[in-house]
Structures are given as structure tokens and as C-alpha cells.
Amino acid sequence: MRNNNNQINVPEARQAMANMKQEVANELGINLKQGYNGDLSSKDAGHIGGNMVKKMIEAQERAMSGNR
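These figures come from a predicted structure and were not determined experimentally. (Residues numbered from 1 in each chain as written. Predicted model: local features only at pLDDT ≥ 70, side-chain atom pairs only at ≥ 80, totals over all residues. Heavy atoms only, no water.)

Draft legend 1. Representation of the overall build of the chain within the structure. From N to C terminus, the chain includes two helices and zero strands. Counting across all 68 residues of the chain, residues that qualify as buried make up 12%. Carbon and sulfur atoms make up 49% of the accessible area of the chain, which amounts to about 5800 Å² in all. (Helix = DSSP H or I, 4+ residues; strand = E, 2+ residues; numbered from the N terminus. Buried < 20%, exposed > 50% of the residue type's maximum accessible area, 1.4 Å probe, protein only. Areas by Shrake-Rupley, 256 points an atom, 1.4 Å probe, with all protein chains shown as cover.)

Structure, rendered in C-alpha cells:
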């Protein structure tokens, strides 16, 4: 059985996270399929996740500084 610890803490954000993942993948030139992407290389998955985190940190820094 698969153990998935990648839980969304705010369920209402699920679609926004999926959209961000697709947007980042497109920016990086990585093709994602709808649904399961288990054949994606670890390197590509890491690039997508790392860039998502970078964008989220930048957005939070802007929000904290009052600049949106």
C-alpha cells in the first residue's frame, strides 16, 4: 500500500496548488499528464517542487511587506 504524506493543509487550496504545479512545469518545459506522473524523473519533480516553493515564499514575502 502506498503511504502518501503529501497532504494539503487547506483543502480549498487543492486546485490552486495543482494549477501552480502545472504552471511551473510548463515554465520549465516539463510535460505533466493529468493524474499520475510516476514516470517523472526525480530531477524533474525536484525542479517543479523547488520552483513552487520559491514562488510561494516570494508571494508570502510580498504579502508580509504589504506589496501585492
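Draft legend 2. View of helix α1 (residues 14-28). Over its 15 residues, α1 runs 21 Å from end to end, which matches the ideal 21 Å to within 8%, given 1.5 Å per residue. Here α1 has its buried residues at Met 20, Val 24 and Ala 25. The arc that holds every buried residue of α1, seen down its axis, measures 130°, which confines them to one face. Summarising the geometry of α1, the exposed residues directed more than 90 degrees from the buried face are Gln 15 and Asn 26. (Expected span 1.5 Å × (residues − 1). Arc of directions from axis to C-beta.)

Draft legend 3. Spatial organisation of the nonpolar core. Counting residues in each nonpolar core, the largest one holds seven residues, listed as Met 20, Val 24, Ala 25, Ile 30, Leu 32, Ile 48 and Met 52. Those elements that provide at least two residues to this core are α1 and α2 (42-65). Among the elements that take part in this core, α1 stands out by supplying three residues, more than any other. (Core = buried A, V, L, I, M, F, W, Y, C linked by side-chain atoms within 4.5 Å.)

Draft legend 4. Representation of the pattern of salt bridges in the model. Counted by the stated rule, this structure contains three salt bridges. Here Glu 23 ties to Lys 55 by a salt bridge, and the two come within 3.2 Å at their closest N and O atoms. A residue pair is termed long-range when its members are at least 10 positions apart, and Glu 23 in helix α1 and Lys 55 in helix α2 qualify at 32 residues. Note on Glu 23: relative accessible area 41%, which makes it partly exposed. Looking at Lys 55, the relative accessible area reads 25%, which means it is partly exposed. As a salt-bridge pair, Lys 55 and Glu 27 come within 3.2 Å of each other at their nearest N and O atoms. You can see Lys 55 sitting in helix α2 and its partner Glu 27 sitting in helix α1, a full 28 residues away along the chain. For Glu 27, a relative accessible area of 52% puts it in the exposed group. (Salt bridge = Lys/Arg side-chain N within 4 Å of Asp/Glu carboxyl O.)

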